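# Examining the three-dimensional arrangement
What follows is each chain in one-letter form.
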Amino acid sequence: MTQKSALPAPITEQAPTAPAADATPQTSSVQASNLALDVNVGEQTNGRDALIGGIVLLVLAIMFFVIKNAYANWRVKERVSPSRANASGWFLFLGLMAVAAMTVLGFINAGRFLAPLYLIPLGGLAAVSLIAWLTTFSAKR
């Protein structure tokens, strides 16, 4: 019985060219190719997922903009100066968008985008804008 396989033949290492008594280590091309590491293996973002995430962010941005306008109008009715109410609305919008961006990036590819490289700037932006919103929230005329 002859068995045929679609797998490639196993790679065997070559015998070292230097004598065994030599103390210097020898590296073969097989060992060097095994050391090459690709950091992003298995962590590529699918184009379809990125497109869906972008559409979700766009829809959320439109919703947050409507909320920002309604909030600013409500604050003006509550006897806050219009410029301060508008600034407070923009801080609210920016904070909500930063939190939404972190969430959408986490759903798109958690292994890649839930890293400090992405979370620290977006989290800092969200924290600063929401603190600024809270400070302008209590302002009166």
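Data block above holds the structure.
Given the structure is predicted, the values throughout are model-derived calculations rather than measurements.

Basis of the calculations
- Residues numbered from 1 in each chain as written.
- Predicted model: local features only at pLDDT ≥ 70, side-chain atom pairs only at ≥ 80, totals over all residues.
- Heavy atoms only, no water.
- Helix = DSSP H or I, 4+ residues; strand = E, 2+ residues; numbered from the N terminus.
- Buried < 20%, exposed > 50% of the residue type's maximum accessible area, 1.4 Å probe, protein only.
- Contact = heavy atoms within 4.5 Å.
- Areas by Shrake-Rupley, 256 points an atom, 1.4 Å probe, with all protein chains shown as cover.
- Phe/Tyr/Trp six-rings, centres within 6.5 Å; stacked < 30°, edge-to-face > 60°.
- Core = buried A, V, L, I, M, F, W, Y, C linked by side-chain atoms within 4.5 Å.
- Axes fitted to C-alpha atoms, helices over the stretch in contact; angles between N-to-C directions.
- Parallel < 35°, antiparallel > 145°, perpendicular 65-115°, else oblique.
- Left-handed = near helix turned anticlockwise from the far one by under 90°.
- Nonpolar A, V, L, I, M, F, W, Y, C, P; charged D, E, K, R; others polar.

### A few points about the overall build of the protein chain
For the protein chain, the helix and strand inventory stands at five helices and zero strands. Counting from the amino terminus, the protein chain carries its helices and strands in the arrangement α-α-α-α-α. In the protein chain, which comprises 141 residues, the share counted as buried stands at 21%. The contacts of the protein chain with a sequence gap of at least 6 include a subset with a gap of at least 24, amounting to 74%. Surface exposure of the protein chain reaches about 10600 Å², of which carbon and sulfur atoms provide 68%.

### A closer look at the packing of aromatic side chains
Any aromatic ring pair is given by two values, namely how distant the centres are and how the planes are angled relative to each other. One pass over the full model with this rule turns up five aromatic pairs. Ring plane angle 85° and centroid distance 6.4 Å describe the contact between Phe65 and Phe93, whose orientation is recorded as edge-to-face. Remark: Phe93 occurs in helix α3 (residues 82–108) and Phe65 occurs in helix α2 (residues 47–77); sequence separation between them is 28 residues. Residue Phe65 is classed as partly exposed on the basis of its relative accessible area of 37%. On the accessibility criterion, Phe93 (16% relative accessible area) is buried. One aromatic cluster is present, built from ring pairs that chain together Phe65, Trp90 and Phe93.

### With respect to the nonpolar core
Ala61, Phe64, Phe93, Met97 and Ala100 together form the largest nonpolar core, which totals five residues. The element that contributes the greatest number of residues to this core is α3, accounting for three residues. If we ignore the near neighbours within four places in the chain, the residues touching Phe93 are Ala61, Phe64, Phe65 and Lys68.

### Things to note about the packing of α2 against α3
The contact between α2 and α3 brings their axes to 8 Å, and the two run at 160°. Considered as vectors, α2 and α3 are oriented roughly antiparallel to each other. Crossing geometry of α2 relative to α3 is assigned as right-handed. Of the residues belonging to the contact of α2 with α3, the class tally is 21 nonpolar, four polar and three charged.

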